[in-house]
Every structure is written in structure tokens, then in C-alpha cells.
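Results of the structural survey
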Amino acid sequence: MELTGAEIVVQCLKEEGVEHVFGYPGGAVLHIYDAFYKQDDVKHILVRHEQGATHAADGYARSTGKPGVVLVTSGPGATNAVTGIATAYLDSIPMVVLTGQVPRPLIGNDAFQEVDSVGITRPIVKHNFLVEDVKDLASVMKKAFYIATTGRPGPVVVDIPKDVTAHKTEFSYPRDIKVRSYHPTVKGHTGQIKKALDIILDAKCPMIYTGGGVILSNASEELVSFARAIGAPITNTLMGLGAYPASDEQFVGMLGMHGTYEANMSMHNCDVLIAIGARFDDRVTGNLEKFCPSATIVHVDIDPASISKNVKVDVPIVGDVKQVMEDFNKLLQDTKKRPDAAAMKAWWKQVNEWRAQDCLKYDTDTGTIKPQYVIQQLHEATDGDAFVVSDVGQHQMFAAQYYPFDKPRRWINSGGLGTMGFGLPAAMGVQMAHPDETVVCVTGEGSIQMCIQELATCLQYGLPVKIINLNNRFLGMVRQWQEFFYEKRYAMSYMESLPDFVKLAEAYGHIGIKVEKPEDVRAALDKAMTEYKDRLVFIDFITDREENVYPMIPAGAGLNEMILI
Amino acid sequence: MNRKHIISILLENESGALSRVAGLFSARAYNIESLTVAPTDDETLSRMTVVTSGTEEIVEQIMKQLNKLVDVVKLIDLTESSFIERELMLAKVEATSDARSEVKRLADIFRGRIIDVTDNTYTIEMTGKGEKLDAFLTALSSISIYEVVRSGAIGIGRGEKSLTL
């Protein structure tokens, strides 16, 4: 049957099993919106700003593992989506972004709402396409989903000129697609895996360091079996939290700039480092010269370019984390060799001494609401089982430190790009994917105002997100650095004329609660989770103004040079 | 230690493929000394030659990052084994009185050809490795050079192995 380009777009989404598309209409995508109107299979969520659409699709993808889908118009529609595309790119999130484009005869003429979307997004996508012929549309859509979701995932942009969406052609969706220049390696090299296991089992002080790759690859179970067999301490990066249950004895917390003392000291002093689906980011390694000075490093990653990029690796294993971990676990079953029990006992004694420092303790008798306390209470009030979506700043670090995650895909945050404004729209996407689950957005008065307009979207679709606003009247992380490194010259890190968030929430049709005393924290959280379970609740916690995130590795220092409180 | 590398790339012959490669070099602050690209006998493929320089670690990253681009089909660092390098140069130079015969002599020595002649100028075509072309320009010394056009290096591996699909 002959279909228009617009109808083909919608059919392709159906074929891919897409249930939700986040978007905003405009001139260049009117044909596509008309095609959406005529069907009920793919639901379109109308956001209030294109940045919100990309973050929502991103949150949807992070919490489900399925690709997020975005539809925006040409020109400003595409440019507004750029921050969200870059956010997804830096965290390797599978996403397909459809952008409208002016009709082909107008391309290059500085037409109304024309930008070179393919050019603008080129450095922040895994790949992108300009569809020049309606006959190519179905295969381009297939390729877009294939590339976005395989290998190291990432966003793919498909730019579709308006006239292409009006042209007709015979539609058939390709079952399989081959891209001759794209072959991600999924199976790890057996020889390398054997070699790595030998080194790991010979270790006296092994350490496991895992990142977002374990979550992207759905390899938590395999990781847990492996870690149990090896018996080593294990740390997760900010992106990897939840991949290993935080309540397990072997877990030593997050590592890096605001990681735990025990995680960073274990890293620094280990003799074999097993890095899995992690990319040795600068917030993790600190000073590269001082990084893991005596470790033999094994690195499992699906992206060959991640290997030996920042830190020289001794045994690289390129492959999908899940498959490689399965291979490790099989080998562990087949071999009689076991870790050196005496050495492991001594190593754990040392690790537990570091742990006894209790680096996350904080002053509780100040009479003010401590942000850490709010997060701990939130953990209890949600039975530790909420989807916690964070914005970017101090509150993000507090949430990562004080909300222990036992399951993957429950902790959703912008780790790579650090995008303020990510939280609320991403939480919206998570809630859309999990209508019956508790979804909280941990944010601050700075971040929340960057995408506050999405409160209207939440009302339109009945999304009962719980917003935990840690309001310290400062851009806290900026202020903290200014306190430490700029002699407290607080240049532009304060906020005057803050809105009344309770009234604001109410104006958008939601529930607003202001909490000013520590003793009222829990009651407000409980109320939000029970009485207002089905409503969006905005809780404005007036917190300690100048609380800092500890512990901390200052710029240029090694992992063993933390500032403790 | 920084060393010159010549990277040969088979690239999808599609619009935008060139800017993906060029964009990668600028975004990641890698050097490009020269870059040439043209379609091959298979019209769906272009062959690109990039001359770059960097430490072993940087060049390894360049190769990996290039390989990650979806439009890159295959690539090879020619400088890893034995190869042939060629560059084409067109140079318009002074050819008056004494210079006229001197230029002709030098062009012969360097196996260049004079392909355009006016009363006052010669235009010389010359191929070879970049160093040879540099040497010719140096040898012209006092003779005025009006215009130089260089293609950038292209290269091919020696022996029977070839960079094909």
C-alpha cells in the first residue's frame, strides 16, 4: 500500500514497538502530527519545551532500557532539543530524535525556521541522517533504531524535510538491516578473558569498579555472581549506582570526587583493578598521575575507544558487559583456582578500617534541615524502592550518597553532561513508563527553574511525580567551590527573588508543601507518598544554607587525598 | 614522541561523511596536516587520506575514534608498514631572463613538467613525496614563486594487501 512519508514515520514507530513519543508540534512536522492524530497505537506526549521532550524520552529510556523517541519541528524545535541530545550522548542513552526540516527546495535558503540540524547535532549524536527521498524513509528509520540501541548506545537524529513527509511511496518495513560499516563487537576475546581471570584470582587486593555500562547492558545479575565469586570490594560510579546492591556487604559506596573514603582508598591501594563498563572519567580518577599506582588494570567495555583513553590498561576486553561477565562466570565455575583467602582476609580488614571512618557522617544538631537528612528520610519513606531522578548540583551528590540503590535503573541522573533542568522532565518520562511506581525528582531551587514549565505537562497527563526541592537559596555546588577555592567570593551563586514554590505548584494545579523544620520533614514526605499518592507534590525543603558535599577530592589530587569533614 | 602518520580511510560516499571526519579532528583537537578525498572505482565509496601527527597514544585514539564513525567502512595507518606516498603540486613561478633556463633545469632535475608557459612565467607540475616538493621550492631560492597549489598526500600500501571491502 502507498503511504505518505508522515504515515510511514508513524508506521515505523509502531513496527519498532514504540508506545510513547515526546514532542512539540510546528510547521515542518504538521503532516506527521496529522498522521499521529489518525491513530491510537503510538501515544504522543505534549511537553512545554523541546528540551523537556528530550529529557523525558531520555528518562523513559534509562528506566526501561527501551529507546526514547522525540519528535520536534525544524529550526528552534531542533536547537531546543540540542541540550537533551547532548545529555543522552554523554551518558550513552538510546534515543531516536525526529526533527522536521524545511522542504528540500528551500534547504540552504535561510528559510523560515531553517537550521542545519544534521550539522548542529553531528558532534553530539552517535549518527544522524537527512532523509532526501521518501523511498529511503523506512530503511533510515530502521537504521536509526538499530544504531541507537546496539553497541554502545546513543542518540540518533533523523532530519525529515516537510515535502518528504507529504510524498507517497510503497511501504514495507525492513525486517533486518545491515550497515556495512557498523559492526559492534559483543563477544569478548576468550583468551583475554582467561588471562584476566588468572590475574584476578592471583590478586592480593582486588577491586571491582563498575559504571553505567553494566546498567545499559542489563548485566547486574552476572555482575553480582562474579563479585561474590571474587569476593572483592566493589564500587559503582555515579552512572553505575544500583548495578550492584548497595545494601550488600561487599559494596563500598560510590567512588570519585564525592565518593566514599573506603571506595577511593580501596581503589588507590588495590593491586588488581577490574573496571567494567566504566570509562575512567576525570571525576572518577582525580589526578591521572596518581591513579591506582600499583594496580594491574583489566577493562571490559563495548567501546574500543574507551580503552586506554585516559588510563593505560593492561588487559583490555572489548565486548558487551553481559556476555563478557557470563564468560567470566562460566570460567569461574570450570576452574578450581580460588582467590587467596588469607590475602583477602587481610585486604578486607584494611577496607573495613577505612569504612570505620564513617565518611558520610554529618552534623545533625544544627536545628536546620540538613539535605542529607531529607534524602535519608526519603529513602525510608519510599522503602528504598523509588525511581529517584536527580537534577544537577549538590542535591545530586547527596542523593547519590544517601539513597542506597539496590536495583538497576532506579537512579536516573545526568552524569556526563551535568545538565541542570534534567530532573523534572526526565522524572516525567520515568513516570510515564512506570505509572504505578513512586517517582521522585530530587532537585534544587536552581535546577528546577530551568525546566519548571513541565509542571503543566505533568498535570495534562496526570503524572504524580514527587518533587523534593532542596532549597538552600544558593547554587550550592558553585558556592561550595567558591567557599573552598575563591575565598568565599560568592559571585552569582545566590538567588534573589525566588518564587513562592508552594503557590507556583498550586498555580500549575498541583500540591505544594513548604517544610522549614527538621521535625516536619518525615511527615511531609509521608503525606506526599500516601495521602497525595496520585498527585504531583512539590515539597520545598528550606535547608541549611551553607552545607557542603563531603568527602571531596580537590582538583589535581589523587584518590587517596580526600578532604573529610 | 610526535610522529607523522598517514591514515587511509574507506568512507561511505555520502553527503556529510567528510564533515564527520573533519569535525572529529577539530572537536578532539587532533592535528590535520593534510586531507584529501575522492570517490573510488566503487562509486559508493570514497577514499580519504589524512596526514596527522601525534604520540602513539593519540594516534591510537584517532584510529579508534575514526573507526567509531558509522560512515567509516575501513581504515589503515599506512605508516605502520611499507607504503608509497605521493603528492601533486602545481607551481607558477618567475621565468624571465636568467631565471627562465634555471627554472627549466631545476624542473628537469626534480622530474617536473612545465605545463603552461607565458612570457614571464612557467607553471610546473610535479609529483612526489611531500619532502621532495618542499626541496624543489627551496631550490628555487632567488626565483619568485607566484602561486603554489598542493593536493595533500595520498598513499597506498606496498605489496599485495589492499584496503578494499
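Residues numbered from 1 in each chain as written. Chains lettered and ligands numbered in written order. Predicted model: local features only at pLDDT ≥ 70, side-chain atom pairs only at ≥ 80, totals over all residues. Heavy atoms only, no water.

In this section: the overall build of chain B. On a plain count of helices and strands, chain B comes out with 4 helices and 9 strands. When its helices and strands are written in sequence order, chain B yields β-α-β-β-α-β-β-α-β-β-α-β-β. Principal-axis analysis of the C-alpha atoms places the extent of chain B at approximately 55 × 40 × 35 Å. When the 165 residues of chain B are sorted by exposure, 42% land in the buried category. Taking contacts inside chain B between residues at least 6 apart in sequence as the whole, the part at least 24 apart equals 73%. A total accessible area of about 8900 Å² is found for chain B, and carbon and sulfur atoms account for 51% of it. (Helix = DSSP H or I, 4+ residues; strand = E, 2+ residues; numbered from the N terminus. Buried < 20%, exposed > 50% of the residue type's maximum accessible area, 1.4 Å probe, protein only. Contact = heavy atoms within 4.5 Å. Areas by Shrake-Rupley, 256 points an atom, 1.4 Å probe, with all protein chains shown as cover.)

Residues and elements named next belong to chain A. Per the counting criterion, the structure on display carries 44 salt bridges over all chains. For Asp58, the salt bridge identified is with Arg62, shortest N-O distance 2.3 Å. In this pair, Asp58 and Arg62 both sit in helix α3 (residues 50–64), 4 residues apart, roughly one turn of the helix. Under the relative-accessibility criterion, Asp58 is labelled buried at 0%. (Salt bridge = Lys/Arg side-chain N within 4 Å of Asp/Glu carboxyl O.)

Turning next to the sheet that holds strand β1 (residues 3–12) of chain B. All names here are of chain B. An order of β2-β3-β1-β4 is seen for the 4 strands of this open sheet, with the pairing classed as antiparallel. One side of each edge strand has no neighbouring strand; the edge strands of this open sheet are β2 (34–39) and β4 (72–77). The average undirected angle you get between the axes of adjacent strands in this sheet is 15 degrees. Bridging between β1 and β4 involves 5 bridges; their strand directions are antiparallel. Residue pairing for β4: Leu10 is matched across the bridge by Lys74. The strands touched by helix α2 (residues 56–68) are β1, β3 (45–54) and β4; relative to β4, the strand with the most contacts, the crossing angle is about 160 degrees. (Pairing = 2+ DSSP bridges. Axes fitted to C-alpha atoms, helices over the stretch in contact; angles between N-to-C directions.)

A few words now on the packing of helix α15 (residues 371–381) of chain A against helix α16 (residues 394–402) of chain A. Residue and element names in this part refer to chain A. Across the interface, α15 lies against α16 with an axial gap of 9 Å and an inter-helix angle of 45 degrees. Here α15 lies oblique to α16, going by the angle between them. Relative to α16, the crossing made by α15 is right-handed. Contacts between α15 and α16 involve Pro371, Gln372, Ile375, Gln376 and His379 from the former and Phe398, Ala399 and Tyr402 from the latter. (Parallel < 35°, antiparallel > 145°, perpendicular 65-115°, else oblique. Left-handed = near helix turned anticlockwise from the far one by under 90°.)

Attention shifts here to the nonpolar core. All names here are of chain A. Membership of the largest hydrophobic core comes to 100 residues, with the highest contact counts inside it found for Phe226, Leu273, Ile276, Phe328, Ile468 and Ile539. Not counting chain neighbours up to four residues away, the residues in contact with Phe328 comprise Ile193, Ala196, Leu197, Ile200, Phe226, Val300 and Ile317. By size, the runner-up hydrophobic cluster in this structure holds 43 residues, among which are Phe22, Val70, Ile85 and Phe422. (Core = buried A, V, L, I, M, F, W, Y, C linked by side-chain atoms within 4.5 Å.)

Let us now look at unusual backbone geometry. Negative phi values dominate among residues other than glycine, just as trans dominates among peptide bonds. All names here are of chain A. In this model, Tyr550 is joined to Pro551 through a cis peptide bond whose omega is -10 degrees. Mapped onto the elements of the fold, Pro551 is located in the segment after β20 (537–542). The phi dihedral of Gln113 is positive, around 55 degrees, even though this residue is not glycine. Residue placement: Gln113 occurs in the loop between β5 (95–101) and α5 (117–121). The exposure class assigned to Gln113 is partly exposed, which follows from its relative accessible area of 25%.

Before going further, it helps to examine the domain arrangement of chain B. All names here are of chain B. Assigned domains of chain B: these are domain 1 (3–80) and domain 2 (84–154). Computed over C-alpha atoms, the centres of domain 1 and domain 2 are 29 Å apart. Between domain 1 and domain 2, the contact holds 6 residues from the first and 6 residues from the second. Summing both sides of the interface, domain 1 and domain 2 together bury roughly 430 Å²; the carbon and sulfur share of this comes to 57%. (Domains from an automatic or database assignment. Buried area = accessible area lost by both parts, 1.4 Å probe.)

On to the sheet that holds strand β18 (residues 466–471) of chain A. Residue and element names in this part refer to chain A. Spatially, 6 strands are ordered β16-β15-β17-β18-β20-β19 in an open sheet, and the strand pairing comes out parallel. On the outer flanks of this sheet lie β16 (411–412) and β19 (511–515), each paired with one strand and no other. Summarising the sheet, strand β17 (residues 439–444) and β18 pair through 5 bridges and their orientation is parallel. Across the sheet, residue Gly444 finds its bridge partner in β18, namely Leu470. Across the face of the sheet, helix α21 (residues 521–529) comes into contact with β17, β18, β19 and β20 while running at roughly 170 degrees to β20.

Our focus in this paragraph is the interface of chain B and chain A. Contact with chain B, which involves 18 residues of that partner, is made by 17 residues of chain A. Across the chain B to chain A interface the summed buried area is about 1500 Å²; carbon plus sulfur atoms make up 45%. Counting across the interface, chain B meets chain A through 2 salt bridges. Here Asp303(A) makes a salt bridge to Lys68(B), at a shortest N to O gap of 2.7 Å. Between the two partners, chain B and chain A, sit 9 residue pairs in polar contact (both at pLDDT 80 or more). If you list the elements that add at least two residues to the side of chain B that touches chain A, you get α1 (17–27), α2 and β4 of chain B. If one sorts the elements of the side of chain B that touches chain A by residue count, α2(B) sits on top with 5 residues. By residue class, the composition of the side of chain B that touches chain A is 5 nonpolar, 6 polar and 7 charged. (Polar contact = N/O pair within 3.5 Å; in protein donor to acceptor, adjacent residues only side chain to side chain. Nonpolar A, V, L, I, M, F, W, Y, C, P; charged D, E, K, R; others polar.)

Before going further, it helps to spend a moment on the environment of Val502(A). Residues and elements named next belong to chain A. Assignment of secondary structure puts Val502 in helix α20 (residues 501–507). Given the relative accessible area of 16%, Val502 is considered buried. Between the alpha carbons of Val502 and Thr235 there is a distance of 39 Å; along the sequence they are 267 residues apart. Excluding its chain neighbours within four sequence positions, the residues that come into contact with Val502 are Gly512, Ile513 and Lys514.

Here we take up the environment of Phe112(A). With respect to the element layout, Phe112(A) can be found in the loop between β5 and α5. For the pair Phe112(A) and Ser74(A), spaced 38 residues apart in the sequence, the C-alpha separation amounts to 9.2 Å.

Moving on, we get to the packing of aromatic side chains. Remark: the centre distance and the inter-plane angle together describe each pair of aromatic rings, the angle taken between the planes. All names here are of chain A. All chains considered together, the criterion is met by 20 aromatic pairs over all chains. When the centroid spacing of 5.2 Å and the interplanar angle of 50 degrees are considered together, the rings of Phe226 and Phe328 count as tilted. You can see Phe226 sitting in helix α10 (residues 220–230) and its partner Phe328 sitting in helix α13 (residues 321–334), a full 102 residues away along the chain. Residue Phe226 is classed as buried on the basis of its relative accessible area of 0%. Relative accessible area serves as the criterion here: at 0%, Phe328 is assigned to the buried category. Members of the aromatic cluster, each reached through a chain of ring pairs, are Trp481, Phe484, Phe485 and Tyr550. Over the ring of Phe387 we find Arg410; its NZ or CZ atom is 4.2 Å from the centre of that ring. Lying over the aromatic face of Phe474, Arg479 brings its terminal NZ or CZ to 5.6 Å of the ring centre. (Phe/Tyr/Trp six-rings, centres within 6.5 Å; stacked < 30°, edge-to-face > 60°. Lys NZ or Arg CZ within 6 Å of the ring centre and 35° of its normal.)

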